[in-house]
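Descriptive structure summary
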Amino acid sequence: MFYDCIVVGTGPAGSTAAKILSQCGYKVLIIDSKAFPRDKLCGGCVSAKIIDYIPNIGDLSEKMAFKAILSYKKIACLSIESTEPFAYFVDRKMFDTYLLDSAIQNGCKFENEKLIALSYDNTMIEVYTNKNHYKSKYLIGADGANSTVRKILHIKPKFTIKTLQGKSNTLIDYVNIDIGFGKINYYWFFPQNQVCGIASPKKNINKLFSKHYKTNDVFDVKGYFIPIAFSKNNLGKSNILLVGDAACLADPFSLEGIYNAIYSAHLATASILSFPKNPYEAYVCLASKILEDNKYSYYISKIVSKFPYIAFSNLSKGNEGVLADYLKGSKSSKELFWLLLKKFI
């Protein structure tokens with residue numbers, strides 16, 4: 001069976017892309033190895049700038065963040081407050097189902113099938129699943145951190161971040177991020193379902209997690225990894241475009257993935273619709289801002305990881321507003337990078 005576009009993966013990126021193309025009259029198939037609704041391991045934190053693409057995000061979220069506590073080694077604390085939410089917390093099972101249902105309502109067809117193999121050239125893509133064989137003009141790989149599409153294209157992330165996430169009985173109504181303990185990326189505590197976690201490139205992540213949190217207060221601990229890259233080579237090939245975590249587009253500092261997933265889906269579909277003969281080259285141009293932002297976020301993560309006290313100190317000296325604007329998305333990672341770098345110049 002032939003489709004104008006096949007989307008692999010029904011997370012925020014895949015469902016967004018499928019909905020947009022279906023609205024524009026494309027015959028779209030979206031496939032996923034999981035039946036829906038399904039649980040998804042994720043902190044569920046979405047920066048406030050998502051409102052540009054999902055105006056009703058407030059209705060879809062369980063909680064909103066107006067306050068964040070940034071700490072250094074669990075002791076020194078910097079309080080950041082805003083009159084407007086700088087983050088929303090969603091339940092991924094509900095949120096992803098809402099986005100998929102929206103795509104289906106706009107004409108997209110969904111099949112619970114697992115991608116097995118691809119064959120492709122500049123004119124046709126053949127998709128082999130565990131149940132069927134399809135053909136399409138375009139394919140969007142939105143199948144997440146462990147993307148099968150990315151592996152078939154022999155594309156690798158620059159590096160990966162390991163995470164452990166659990167739930168805690170401790171009640172808080174603010175975001176807490178610790179940037180100094182153990183010289184890793186960070187520990188976090190989110191008010192949505194009292195989610196706590198650790199993100200680190202180190203191998204002994206289990207030991208670090210147990211040391212930081214009271215193990216008798218944390219339960220349902222699970223791990224996953226986040227692929228990171230900021231190269232155009234990670235965006236796909238020819239008529240196959242990668243979006244979201246499949247393209248390794250999570251922010252290297254905050255590790256948020258949902259916003260860039262939805263943003264990249266808009267850019268990928270715009271490339272197909274506006275430049276149908278060469279969507280990959282168009283996508284590379286349109287996605288340059290994401291790649292630049294992620295590059296500077298990576299620089300920030302390196303500064304914070306290697307010089308956590310200096311970074312924390314510099315953020316504490318009258319720069320709370322800038323940091324709040326960064327969390328809300330109104331300040332870029334490039335601006336925050338130069339703010340941190342002032343201490344070293």
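For the structure given in this document, a descriptive report is provided here. (Residues numbered from 1 in each chain as written. Predicted model: local features only at pLDDT ≥ 70, side-chain atom pairs only at ≥ 80, totals over all residues. Heavy atoms only, no water.)

Concerning the overall build of the protein
Scanning the protein from terminus to terminus reveals 11 helices and 18 strands. Relative to the globule expectation of 20 Å for 345 residues, the C-alpha radius of gyration of the protein, 20 Å, shows essentially globular dimensions. A principal-axis box enclosing the C-alpha atoms of the protein has dimensions of 60 × 45 × 40 Å. Of all 345 residues assigned to the protein, the portion counted as buried reaches 54%. Long-range pairs, those at least 24 residues apart, make up 71% of the contacts in the protein with a sequence separation of at least 6. Total accessible area computed for the protein in this model is approximately 15300 Å², and 52% of it derives from carbon and sulfur atoms. Each charge class in the protein can be summarised by its mean position, and for the 43 positive and 29 negative side chains these summaries are 9 Å apart. (Helix = DSSP H or I, 4+ residues; strand = E, 2+ residues; numbered from the N terminus. Rg over C-alpha atoms; globule rule 2.2 N^0.38 Å. Buried < 20%, exposed > 50% of the residue type's maximum accessible area, 1.4 Å probe, protein only. Contact = heavy atoms within 4.5 Å. Areas by Shrake-Rupley, 256 points an atom, 1.4 Å probe, with all protein chains shown as cover. Lys, Arg positive; Asp, Glu negative; His and termini not counted. Charge placed at Lys NZ, Arg CZ, Asp CG, Glu CD.)

Describing the sheet that holds strand 3 (residues 45-47)
Two orientations exist for strands paired in a sheet by backbone hydrogen bonds: parallel and antiparallel. Strand order in the open sheet formed by 3 strands is 3-7-4, and the pairing between neighbours is antiparallel. In the strand order of this sheet, the two ends are held by strand 3 and strand 4 (63-65), each with one partner. The sheet shows a mean angle of 25° between the axes of neighbouring strands, direction not considered. Alignment of strand 3 against strand 7 (residues 87-89), held across 3 bridges, turns out to be antiparallel. Across the sheet, the residue bridging to Ser47 is Ala87, located in strand 7. (Pairing = 2+ DSSP bridges. Axes fitted to C-alpha atoms, helices over the stretch in contact; angles between N-to-C directions.)

Looking at the side chain of Glu256
Residue position: Glu256 is located in the loop between strand 18 (240-242) and helix 6 (258-274). Of the side chains with opposite charge, Lys49 comes closest to the buried, unpaired Glu256, at an N-O distance of 5.6 Å. Looking at Glu256, its side chain comes within polar contact range of the main-chain nitrogen of Tyr259, at 3.2 Å. Excluding its chain neighbours within four sequence positions, the residues that come into contact with Glu256 are Cys45, Val46, Ser47, Ala250 and Asp251. (Salt bridge = Lys/Arg side-chain N within 4 Å of Asp/Glu carboxyl O. Polar contact = N/O pair within 3.5 Å; in protein donor to acceptor, adjacent residues only side chain to side chain.)

With respect to the pattern of salt bridges
Evaluated as defined, the whole model comprises 6 salt bridges. Where Arg38 meets Asp96, a salt bridge forms, and the shortest distance between an N and an O atom there is 2.9 Å. With a gap of 58 residues between them, Arg38 in the loop between strand 2 (28-31) and strand 3 and Asp96 in helix 3 (residues 92-105) connect regions that are remote in the sequence. Its relative accessible area of 12% is what places Arg38 among the buried residues. Here the salt bridges do not stand alone but share partners, grouping Arg38, Arg92 and Asp96 into one network.

Some remarks on the pairing of strand 9 (residues 115-120)
As paired strands, strand 9 and strand 10 (residues 125-129) are joined by 5 bridges and run antiparallel to one another. The partner of Ser119 across the bridge, within strand 10, is Glu126. Where strand 9 hands over to strand 10, the hairpin turn is made up of 4 residues, counted between the paired strands.

Section: the packing of helix 8 (residues 288-306) against helix 11 (residues 333-341)
The interhelical angle for the contact between helix 8 and helix 11, taken along N-to-C directions, is 30°, at an axis separation of 8 Å. Classified by the interaxial angle, the pair formed by helix 8 and helix 11 is roughly parallel. Judged by the twist between their axes, the crossing of helix 8 over helix 11 is left-handed. On the side of helix 8, the interface is formed by Glu292, Asp293, Tyr296, Ser297, Tyr299, Ile300, Ile303 and Val304, while helix 11 contributes Ser333, Lys334, Leu336, Phe337, Trp338, Leu340 and Leu341. When grouped by side-chain class, the residues that make up the contact of helix 8 with helix 11 number 10 nonpolar, 2 polar and 3 charged. (Parallel < 35°, antiparallel > 145°, perpendicular 65-115°, else oblique. Left-handed = near helix turned anticlockwise from the far one by under 90°. Nonpolar A, V, L, I, M, F, W, Y, C, P; charged D, E, K, R; others polar.)

What to know about helix 7 (residues 279-286)
For helix 7, the complete set of buried residues consists of Pro279, Tyr280, Ala282, Tyr283 and Val284. Structurally, helix 7 contributes buried residues whose contacts are with strand 11 (133-141), strand 17 (236-237), strand 18, helix 6 and helix 8.

So, unusual backbone geometry
Of the consecutive residues Phe36 and Pro37, the connecting peptide bond is found in the cis state with omega at 0°. Mapped onto the secondary structure, Pro37 falls in the loop between strand 2 and strand 3. Positive phi values are uncommon outside glycine, yet Ser238 reaches one of about 55°. Along the chain, Ser238 falls in the loop between strand 17 and strand 18.

Quick word on the packing of helix 6 against helix 7
Contact pair helix 6 / helix 7: the axes reach a minimum separation of 8 Å and the direction vectors enclose 140°. Accordingly, the angle class assigned to the pair helix 6 and helix 7 is oblique. Between helix 6 and helix 7 the crossing geometry is right-handed. In this structure, helix 6 uses Ser264, Leu267, Ala268, Ala270, Ser271 and Ile272 to contact helix 7, whose residues at the interface are Pro279, Ala282, Tyr283 and Leu286.

Here we look at the packing of aromatic side chains
Considering all chains together, one arrives at 14 aromatic pairs under this definition. Ring centres of Tyr3 and Tyr134 lie 6.0 Å apart, and the angle between their planes is 70°; this geometry places the pair in the edge-to-face category. In this pair, Tyr3 sits in strand 1 (residues 2-8) while Tyr134 sits in strand 11, placing the two residues 131 residues apart along the sequence. Like Tyr134, Tyr3 is buried. Centre to centre, the rings of Phe337 and Trp338 are 5.2 Å apart; their planes meet at 70°, and the pair counts as edge-to-face. Given the relative accessible area of 41%, Trp338 is considered partly exposed. Over the ring of Tyr3 we find Lys27; its NZ or CZ atom is 5.0 Å from the centre of that ring. (Phe/Tyr/Trp six-rings, centres within 6.5 Å; stacked < 30°, edge-to-face > 60°. Lys NZ or Arg CZ within 6 Å of the ring centre and 35° of its normal.)

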